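Below, each chain spelled out in residue letters.
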Amino acid sequence: MTDFPAIEQRCRENSRYSETLVDDFLLDYCDERDDTLRDLMRGLDKYRDVVSELPEHWFGHITAQYLGFRLFREKGLARKYRGHAAVRQRSGEELAWLDQQLAEPWRFCFCRILQQPHRDFHQMKDVCTGEKFLLYSPAMSRGIEDLQGWPA
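Residues numbered from 1 in each chain as written. Predicted model: local features only at pLDDT ≥ 70, side-chain atom pairs only at ≥ 80, totals over all residues. Heavy atoms only, no water.

*Asks:* Explain unusual backbone geometry to me, please; I cannot follow it from the model alone.
*Replies:* Positive phi is not limited to glycine here, since Asp 35 has a value of about 50°. Assessed through its relative accessible area of 32%, Asp 35 is described here as partly exposed. The phi dihedral of Lys 75 falls on the positive side, at around 60°, and the residue is not glycine. Within the secondary structure, Lys 75 is located in the loop between helix H4 (58-72) and helix H5 (77-81). A relative accessible area of 72% means that Lys 75 is categorised as exposed. (Buried < 20%, exposed > 50% of the residue type's maximum accessible area, 1.4 Å probe, protein only. Helix = DSSP H or I, 4+ residues; strand = E, 2+ residues; numbered from the N terminus.)

Here you go:
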């Protein structure tokens, strides 16, 4: 049986570092140095008709996801920034977390929700590879609730 409370506790610990290091620092640092938001806007331009139909808060979510992927994918920008003085000045705990993320690159996939086995846990399936995985995401749970009233 899956120990959801233990997994959730570990995810919350990871979220603390993600918030302080990624959300509050690296996302802006990344955009300032590599103009990554410009790249995102160029990529979305050809889909402007679809993008204009999405809820207003959607762009903020996709921006953070896009920058996070650019930072932590295989050979991502975080590896380049790891040696920068501004990054080296972060706390030892944050740097240990960063090194762990660099050791296990993030990936991007197109997926769909199969089920919700526990609050804020989503059984997902990568639609390209068929791989199934468990995702912990309170934000996704809130997003699903928000979209329930959004016209299809």
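*Asks:* Can you walk me through the pairing of strand E3 (residues 132-136) in this structure?
*Replies:* Side-chain direction in a regular strand flips from residue to residue, so the side chains alternate between the two faces of the sheet. Bridge count between strand E2 (residues 121-126) and E3: five bridges; the pairing is antiparallel. Across the sheet, residue Met 124 finds its bridge partner in E3, namely Phe 133. The turn linking E2 back onto E3 is made up of five residues, and Gly 130 within it adopts a positive phi angle of 85°. (Pairing = 2+ DSSP bridges.)

*Asks:* Where do I start with the packing of helix H1 (residues 4-34) against helix H2 (residues 36-45) in this structure?
*Replies:* When two helices pack together, their arrangement is given by the angle between the helix axes and the distance between those axes. As a packed pair, H1 and H2 sit with axes 6 Å apart at the nearest point and diverge in direction by 80°. When the interaxial angle is binned, H1 and H2 end up roughly perpendicular. For the pair H1 and H2, contact is made by Cys 30, Asp 31 and Asp 34 and by Thr 36, Leu 37 and Asp 39, respectively. (Axes fitted to C-alpha atoms, helices over the stretch in contact; angles between N-to-C directions. Parallel < 35°, antiparallel > 145°, perpendicular 65-115°, else oblique. Contact = heavy atoms within 4.5 Å.)

*Asks:* Can you walk me through empty space enclosed by the protein in this structure?
*Replies:* The rolling of a water-molecule-sized probe over the atoms marks out the regions of remaining empty space. Enumeration according to the criterion identifies one cavity of 30 Å³ or more in this entry. Computed from the structure, the largest cavity encloses a volume of approximately 30 Å³. If you trace the largest cavity, you find it lined by Leu 71, Phe 72, Arg 73, Lys 75, Gly 76, Arg 79, Gln 101, Leu 102 and Pro 105. Counting only elements with at least two residues in the lining of the largest cavity, the list comes to H4 and helix H7 (92-103). (1 Å grid on protein atoms, 1.4 Å probe; cavity = no way out; pocket = protein on both sides within 12 Å on 5 of 7 lines; lining within 4 Å. Points joined across faces, edges and corners; volume = space filled by probe spheres on them.)

*Asks:* What should I look at first to understand the pattern of salt bridges in this one?
*Replies:* A side chain with one charge may pair with a side chain of the opposite charge, provided their charged atoms come close. Under the definition given, this model contains 13 salt bridges. The partner of Asp 35 in a salt bridge is Arg 38, and the shortest N-O contact between them spans 2.8 Å. As a salt-bridge pair, Arg 90 and Glu 94 come within 3.0 Å of each other at their nearest N and O atoms. Assessed through its relative accessible area of 25%, Arg 90 is described here as partly exposed. Residues joined by salt bridges that share partners form a network here, namely Glu 8, Arg 12, Arg 119 and Asp 120. (Salt bridge = Lys/Arg side-chain N within 4 Å of Asp/Glu carboxyl O.)

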